[in-house]
Amino acid sequence: MSSFSIIRGGRLLDAAGRTAPFKDILVKDGAILEVGEPGLAAPPEAEVVDASRHLMHPGLVNSHTHGSGALTRGYLDRWNLEMLLMAAPRRFGNQSAEIKYLNTYLGAVEMALKGCTVAYDLTFGVPVATTEELIAMGQAYRDAGIRAVMAPMLSDISFYRAIPGLVESLPAELQRLSVIDAADATDEVLRLMGEALAAWPHDRDHVKLGVAPTIPTHCSDALMRGSDRLVRDYDTVMQSHVGESKVQVLAAKEFWGKSMVAHIDELGLIGPHFSVAHGVWLDDDDMRRLADRGASVSHNAGSNMRLGAGIADSRRMLELGVNLGIGTDGATSSDNQNMYEAMRAAQQVSCVRQPDHRLWLSAPEVIAAATTGGARLTGFGHVGSIEPGKRADIVFLTLDHPNWMPVNDPSNQLVLVEDATAVRHVMVDGRFIVRDGRHLASDMAALAGKAEAARETIASLNQADMAVAERLEEAVTSFCRSLSAKPYSVERYAAFPCRCETPEAGFAATPA
Ligand SMILES: Nc1nc2[nH]cnc2c(=O)[nH]1
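Residues numbered from 1 in each chain as written. Predicted model: local features only at pLDDT ≥ 70, side-chain atom pairs only at ≥ 80, totals over all residues. Heavy atoms only, no water.

Further remarks concern the overall build of the chain. Within the chain, the secondary structure is distributed over 18 helices and 18 strands. The globule rule puts the C-alpha radius of gyration for 512 residues at 24 Å, and the 23 Å found for the chain is close to it. Overall, the C-alpha framework of the chain stretches about 75 × 50 × 40 Å when taken along its three principal axes. Taken across its 512 residues, the chain has 61% of its residues classed as buried. Summed over all atoms, the accessible surface of the chain reaches about 19300 Å², with 53% contributed by carbon and sulfur. Positive and negative side-chain charges in the chain, numbering 48 and 64 respectively, have mean positions lying 3 Å apart. (Helix = DSSP H or I, 4+ residues; strand = E, 2+ residues; numbered from the N terminus. Rg over C-alpha atoms; globule rule 2.2 N^0.38 Å. Buried < 20%, exposed > 50% of the residue type's maximum accessible area, 1.4 Å probe, protein only. Areas by Shrake-Rupley, 256 points an atom, 1.4 Å probe, with all protein chains shown as cover. Lys, Arg positive; Asp, Glu negative; His and termini not counted. Charge placed at Lys NZ, Arg CZ, Asp CG, Glu CD.)

Written as structure tokens, this is what we have:
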């Protein structure tokens, strides 16, 4: 028998219209049946949800994160992407199945409490995670109650080989420790990824498995092509970190004589199922290729600032027709999983990106990216807006909160004022997962205890690797600083808005 609920008395955000009129919402079996004026007719048996003194908006879509890093929030305040990539496996490796689940669950709970109902999670790759562990991490999202795309990060070229000249620049002993090439692993990685896709037991409308060749310079063409085949065979989505740092752009030019986007486009990988994470260093040609093929970019402004990676040109992406999503990135590089902060960061970096205020992202544009843009990017066409036919994934913000006193422009306030402290209830499929500010499935004290124990376990397991991690971080930093090829001076890259204005790039390292 069908179940009905009627949500009465709330104000519904109309972002584009910059208003929030009173609306009633009729929900049938978890889907929105009708949105209407106050007093909307409902079957007598419908459960009544009182939304008075609340503003309702669609659940936010976090279009890029790493559930694998939730336990690393607040770790190291001064590190860039290259240091992070160098250090992460040594500092945070060796995670048991229980800790992998806990990492993912913790991130999902945080997102739920902060108004996010969908995550695109680039998770532990294969073979680091087994099929069973991936399925268990999918269950973590089911247990926390939010939707997710989980895409294992795949690579068959180690980080050290992905920056030309880096390994050769290291002292012999570090060279030995650093070359963990997995060049022969291509077939094995693809086999394991295919096995996980074939075994995936979760309802794909809630938690589906995607594929994430992690960074194109870390993937052979064979791995990229094989990943693409899997995506098509299993009708799923693909995401890669592309053009996140200047060093990556330099490396791509060195490897292929072209940009990362041009390279993967020529491999035939770009389509509506494909999204770029970050895209800080894209030029017009890159953006046109993405737009022409219906692809998306997940804009992670907070993480890009945190790692000194630069400022993506979100305005140009929109002008050229790229679908834009908003992401927090993982806790290793953005600490919390707060989509309101990610939205605010996206709006505010657009203001420092260019002097013409007419080109800054507007609040409605940012909200569209964090909702409908994210829904398209994740391939979850059944969410992202509150309208008939969509699933009832709804966030209720209390208006009895300073953030909303008074209600001026609801769209501006959502992006520029809201910080998740007014999130009162969160609903997925018409059912509350957060009620009165509490995550219903979680005992927070117990969760804190598990997180603390996991922190100690991770630290003790990786103790022996710490000294090596520190030496490698120092070496990679020094190598990156020595890259002097103009106009790609690495020295400049954190401080300036960045686009690859000039095509002629070199990758010569000069003595520091
Ligand atoms: N910011 C960020 N970029 C990445 N690229 C590959 N892995 C990562 C990661 O964990 N964080």
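Glancing now at the packing of aromatic side chains. Each aromatic ring pair is specified by the distance between its two centres and by the angle formed by the two planes. Taken as a whole and judged by the stated rule, the model has five aromatic pairs. For the ring pair Y75 and F92, a centre distance of 4.8 Å and an interplane angle of 80° mean the geometry is edge-to-face. Placement of the pair is Y75 in the loop between β6 (60–65) and α1 (81–92) and F92 in helix α1, with a sequence separation of 17 residues. Considering the side-chain rings of Y101 and Y105, the 5.9 Å spacing of their centres and the 10° angle between planes classify their relative orientation as stacked. With Y101 and Y105 both in helix α2 (residues 97–113) and four residues apart, this pair spans about one turn of that helix. Here the aromatic cluster, defined as three or more aromatic residues joined through ring pairs, consists of Y75, W79 and F92. Lying over the aromatic face of F22, R11 brings its terminal NZ or CZ to 5.6 Å of the ring centre. (Phe/Tyr/Trp six-rings, centres within 6.5 Å; stacked < 30°, edge-to-face > 60°. Lys NZ or Arg CZ within 6 Å of the ring centre and 35° of its normal.)

A separate point is the environment of V48. Following the sequence through the fold, V48 ends up in strand β4 (residues 47–50). V48 sits 14 residues away from E34 along the chain, and the two C-alpha atoms are 15 Å apart.

For the rest of this paragraph, the subject is the nonpolar core. Among the nonpolar cores identified, the biggest contains 99 residues, and Y141, L290, Y340 and L397 are the most heavily contacted of them. Tallying contributions element by element places α2 first for this core, with eight residues. Counting residues domain by domain, this core receives three or more from each of domain 1 (4–57 + 391–437) and domain 2 (60–350). Excluding its chain neighbours within four sequence positions, the residues that come into contact with L290 are V261, I270, F274, V276, L282, A295, V297 and V322. (Core = buried A, V, L, I, M, F, W, Y, C linked by side-chain atoms within 4.5 Å. Domains from an automatic or database assignment. Contact = heavy atoms within 4.5 Å.)

The local shell around the ligand consists of H66, L81, L84, L85, T214, I215, H241, E244, H278, L307, D329 and S333. Here a nitrogen atom of the ligand and a side-chain polar atom of E244 are 2.8 Å apart. At 3.5 Å from a nitrogen atom of the ligand is found a side-chain nitrogen or oxygen belonging to S333. A total of 280 Å² of accessible area belongs to the ligand in isolation, and the protein chains cover 90% of it. At three residues, the largest contribution of residues to the shell around the ligand is made by α1. (Near = heavy atom within 4 Å. Polar contact = N/O pair within 3.5 Å; in protein donor to acceptor, adjacent residues only side chain to side chain.)

It is worth spelling out the domain arrangement of the chain at this point. As assigned here, the chain comprises domain 1 (4–57 + 391–437) and domain 2 (60–350). The straight-line distance from the C-alpha centre of domain 1 to that of domain 2 is 32 Å. Residue-level contacts link 20 residues of domain 1 with 17 residues of domain 2. Carbon and sulfur atoms make up 61% of the surface buried where domain 1 meets domain 2, a total of about 1400 Å² over both sides. When the area that domain 1 buries against domain 2 is broken down by residue, the three leading residues are V415, L416 and I433, summing to 28%. Remark: the boundary between domain 1 and domain 2 carries two salt bridges. Across the salt bridge formed by R147 and D429, the nearest N and O atoms sit 2.8 Å from each other. The interface formed by domain 1 and domain 2 contains six residue pairs in polar contact (both at pLDDT 80 or more). Broken down by secondary-structure element, the contributors of at least two residues to the side of domain 1 that touches domain 2 are β15 (394–398), α16 (410–416), β16 (423–428) and β17 (431–435). At four residues, the largest contribution of residues to the side of domain 1 that touches domain 2 is made by β16. (Buried area = accessible area lost by both parts, 1.4 Å probe. Salt bridge = Lys/Arg side-chain N within 4 Å of Asp/Glu carboxyl O.)

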